[in-house]
Amino acid sequence: MLVFDDEQRGLGVRVTASGGKTYLAQYNWHGQRRIPLGNCNAVSLAQARDTVRAIMGDVARGVDPTAERKKAAVEARLRAAHEALTLSALLSDWQALHLASKRPSYAVEAVERCAMPLRVPSTFPPQISAGQSSSRRSTPWHAKAAGRWRGEQGPMARPAYGWGVKRGALSVNAFVNLPVTPTSRRERVLSDDELAAIWRATAGAGPFNGIVRLLILTGQRREEVAGMTWAEVSDDFSTWTIPSSRAKNGATHIVPLSELAQDLLHSLPQFGELVFPGLRGPFNGWSKAKAALDANSGVTSWRLHDLRRTAATGLQRLGVRLEVTEQVLNHVSGSRAGIVGVYQRHGFANENRDALEAWGSHVEAIVEGRSWDDNVISLRAKGAPA
């Protein structure tokens, strides 16, 4: 049964068979519409009249109260979603819905570089820009840290946030107009003593130890080595071909394997597809394994990527030409950039092998304690027969 108020037009009370009573507002908007206002025991008659009076005023001004309430409810849900959204959840959606069609190596690096356990409230950019911490975030932010994070994760995180904004999952892109505090460029090169200490500390079995040693011997990237498969290694173990799908720059790269690198691979068990398997897929327990390596070797304040820089520097010390070093590292910048990269098609296969063989012999020499003078390597001149 429905009973209407004699004083306020549009205010009604619905009475159920069980005796329950609820207020409602009834108005015409291209037909009859009703809005529930609450139980009569919880809402007073005066409050109900005031609410209906406001609703009827909106109708008189040409505003549909039902549509406005739906809009407010949607906005409230979006605000709640912004407040509760975690970066890991955003990246998970980005990976599943957007990165699935991208190059696998890009997708892996993109997610890895952005995987920070931080909440992303809707006020994220202003708070970071102003160097303020969020009441919803346990880790305080300041401008320097924000600038550094943008410098390290920004190239990958910015498109993730932009994608989130386009989807409506975020209201703003946290990496747009964010002040950047300049960060010092890493120039860490391990000394021969440090390199030898790390080599000795990785003498035991385990995928991480093998990865570190192959990083030292080849100068390739961490994810490329960690994802190495037996199918990428030639039958005689003389070369390792990194397919374009896994190479960071998207170009297939043939890495000559020195005798020391071949010995390393021969010593590994060949179980499954991966050379360095983890519990599920490629090895990924980097932080814990690296901390243990630092403790065992006594070498600190370095990163695995520094091994790549150390190898490049070591090749230069051995007299390897810059363009050969860049070929070994599969760089497409530097001496191979611009017009040179377009017209320079010499593969440097022999030079690359000589360079990495020389580097492997040098690593073996420093591990055995032989001096630099004892480690004299003859590099084949350009055009000389193999």
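We now turn to the structure provided with this report.

1. A word on the overall build of the protein chain
Turning to step 1, where the next piece is worked out: Across its full length, the protein chain carries 15 helices and 6 strands.
Turning to step 2, where the next piece is worked out: The proportion of buried residues among the 386 residues of the protein chain is 41%.
Turning to step 3, where the next piece is worked out: Carbon together with sulfur atoms contributes 53% to the accessible area of the protein chain, which is approximately 20,900 Å² in total.

2. What to know about the pattern of salt bridges
Turning to step 1, where the next piece is worked out: Tallied over the full model, the rule gives 14 salt bridges.
Turning to step 2, where the next piece is worked out: A salt bridge links Glu-223 to Arg-222; its shortest N-O distance comes to 2.6 Å.
Turning to step 3, where the next piece is worked out: On the accessibility criterion, Glu-223 (28% relative accessible area) is partly exposed.
Turning to step 4, where the next piece is worked out: The exposure class assigned to Arg-222 is partly exposed, which follows from its relative accessible area of 24%.
Turning to step 5, where the next piece is worked out: For Glu-323, the salt bridge goes to Arg-321, with nearest N and O atoms at 2.8 Å.
Turning to step 6, where the next piece is worked out: Given the relative accessible area of 30%, Arg-321 is considered partly exposed.

3. Some points on the nonpolar core
Turning to step 1, where the next piece is worked out: Counting 52 residues, the largest nonpolar core has Leu-307 and Val-363 as its most contacted members.
Turning to step 2, where the next piece is worked out: Look past the residues within four positions of Leu-307 in its chain and what remains in contact with it is Leu-190, Leu-195, Val-212, Leu-215, Ile-216 and Trp-302.
Turning to step 3, where the next piece is worked out: Val-13, Ile-35, Val-43 and Ala-48 belong to the second largest nonpolar core, which has 16 residues in total.

4. Digging into the environment of Asn-209
Turning to step 1, where the next piece is worked out: Relative to the helices and strands, Asn-209 is located in helix H8 (residues 207-218).
Turning to step 2, where the next piece is worked out: For Asn-209, a relative accessible area of 15% translates into the label buried.
Turning to step 3, where the next piece is worked out: Separated by 84 residues in the primary sequence, Asn-209 and Leu-293 have C-alpha atoms spaced 8.7 Å apart.
Turning to step 4, where the next piece is worked out: Each residue touching Asn-209, except ones within four places of it in the same chain, is listed here: Ala-201, Thr-202 and Gly-204.
Turning to step 5, where the next piece is worked out: Of the polar contacts made by the side chain of Asn-209, one reaches the backbone oxygen of Gly-204; its length is 3.0 Å.

5. What about the packing of aromatic side chains?
Turning to step 1, where the next piece is worked out: Across all of its chains, the model carries 4 aromatic pairs by this definition.
Turning to step 2, where the next piece is worked out: An angle of 40° between the planes, with centres 5.7 Å apart, marks the rings of Phe-208 and Phe-283 as tilted. Taken together, the residues Phe-208 in helix H8 and Phe-283 in the loop between helix H10 (259-266) and helix H11 (286-297) connect sequence positions 75 residues apart.
Turning to step 3, where the next piece is worked out: On the basis of an interplanar angle of 90° and a centroid distance of 5.1 Å, the ring pair of Phe-283 and Trp-286 is categorised as edge-to-face. In this pair, the class of Phe-283 matches that of Trp-286, namely buried.
Turning to step 4, where the next piece is worked out: Taken together, Phe-208, Phe-283 and Trp-286 form an aromatic cluster joined through their ring pairs.

6. Points about the sheet that holds strand S4 (residues 32-39)
Turning to step 1, where the next piece is worked out: An order of S1-S2-S3-S4 is seen for the 4 strands of this open sheet, with the pairing classed as antiparallel. What marks the edges here is a single partner per strand, and that holds for strand S1 (2-4) and S4. Strand-to-strand twist across the sheet, computed as the mean angle between neighbouring axes with direction ignored, equals 30°.
Turning to step 2, where the next piece is worked out: Looking at chain direction, strand S3 (residues 21-28) and S4 are connected through 7 bridges and run antiparallel. Looking at S4, one finds that Ala-25 is bridged to Ile-35.

7. Focus on H11
Turning to step 1, where the next piece is worked out: Spanning 12 residues, H11 covers 16 Å between terminal C-alpha atoms, matching the ideal 16 Å at 1.5 Å per step.
Turning to step 2, where the next piece is worked out: Three or more residues of H11 are buried, namely Trp-286, Ala-289, Lys-290, Leu-293, Asp-294 and Ser-297. Across the axial projection of H11, the buried residues extend over an arc of 140°, all falling on one side. Among the exposed residues of H11, those pointing more than 90 degrees away from its buried face are Ser-287, Lys-288, Ala-295 and Asn-296.

8. Some words on the packing of H8 against H10
Turning to step 1, where the next piece is worked out: Packing of H8 against H10 leaves a shortest axis separation of 10 Å and a crossing angle of 165°. When the interaxial angle is binned, H8 and H10 end up roughly antiparallel. Like other packed secondary-structure pairs, H8 and H10 cross with a definite hand, here left-handed. Touching Gly-210, Arg-213, Leu-214 and Leu-217 of H8 are Leu-260, Ala-261 and Leu-264, all from H10.
Turning to step 2, where the next piece is worked out: The residue makeup of the contact of H8 with H10, split by class, is 5 nonpolar, 1 polar and 1 charged.

9. Description of the packing of helix H7 (residues 192-201) against H11
Relative orientation and spacing of two packed helices are given, respectively, by the angle between their axes and the distance between those axes.
Turning to step 1, where the next piece is worked out: As a packed pair, H7 and H11 sit with axes 9 Å apart at the nearest point and diverge in direction by 115°. Classified by the angle between their axes, H7 and H11 sit roughly perpendicular to one another. Crossing handedness for the pair H7 and H11: right-handed. On the side of H7, the interface is formed by Ala-197, Ile-198 and Ala-201, while H11 contributes Leu-293, Asn-296 and Ser-297.

10. A few points about unusual backbone geometry
Turning to step 1, where the next piece is worked out: A positive phi angle, close to 65°, is found at Phe-237, a residue other than glycine.
Turning to step 2, where the next piece is worked out: Note that Phe-237 resides in the loop between helix H9 (222-226) and strand S5 (239-242).
Turning to step 3, where the next piece is worked out: Since its relative accessible area comes to 9%, Phe-237 is described here as buried.

11. A closer look at the side chain of Asp-306
Turning to step 1, where the next piece is worked out: Inspection of the secondary structure assignment puts Asp-306 in helix H12 (residues 305-317).
Turning to step 2, where the next piece is worked out: A polar side-chain atom of Asp-306 sits 2.7 Å from a polar atom in the side chain of Arg-309.
Turning to step 3, where the next piece is worked out: Setting aside residues up to four positions removed in sequence, Asp-306 forms contacts with Arg-186 and Arg-188.

The rules behind these values
- Residues numbered from 1 in each chain as written.
- Predicted model: local features only at pLDDT ≥ 70, side-chain atom pairs only at ≥ 80, totals over all residues.
- Heavy atoms only, no water.
- Helix = DSSP H or I, 4+ residues; strand = E, 2+ residues; numbered from the N terminus.
- Buried < 20%, exposed > 50% of the residue type's maximum accessible area, 1.4 Å probe, protein only.
- Areas by Shrake-Rupley, 256 points an atom, 1.4 Å probe, with all protein chains shown as cover.
- Salt bridge = Lys/Arg side-chain N within 4 Å of Asp/Glu carboxyl O.
- Core = buried A, V, L, I, M, F, W, Y, C linked by side-chain atoms within 4.5 Å.
- Contact = heavy atoms within 4.5 Å.
- Polar contact = N/O pair within 3.5 Å; in protein donor to acceptor, adjacent residues only side chain to side chain.
- Phe/Tyr/Trp six-rings, centres within 6.5 Å; stacked < 30°, edge-to-face > 60°.
- Pairing = 2+ DSSP bridges.
- Axes fitted to C-alpha atoms, helices over the stretch in contact; angles between N-to-C directions.
- Expected span 1.5 Å × (residues − 1).
- Arc of directions from axis to C-beta.
- Parallel < 35°, antiparallel > 145°, perpendicular 65-115°, else oblique.
- Left-handed = near helix turned anticlockwise from the far one by under 90°.
- Nonpolar A, V, L, I, M, F, W, Y, C, P; charged D, E, K, R; others polar.

Taken by themselves, the reported measurements are silent on function.
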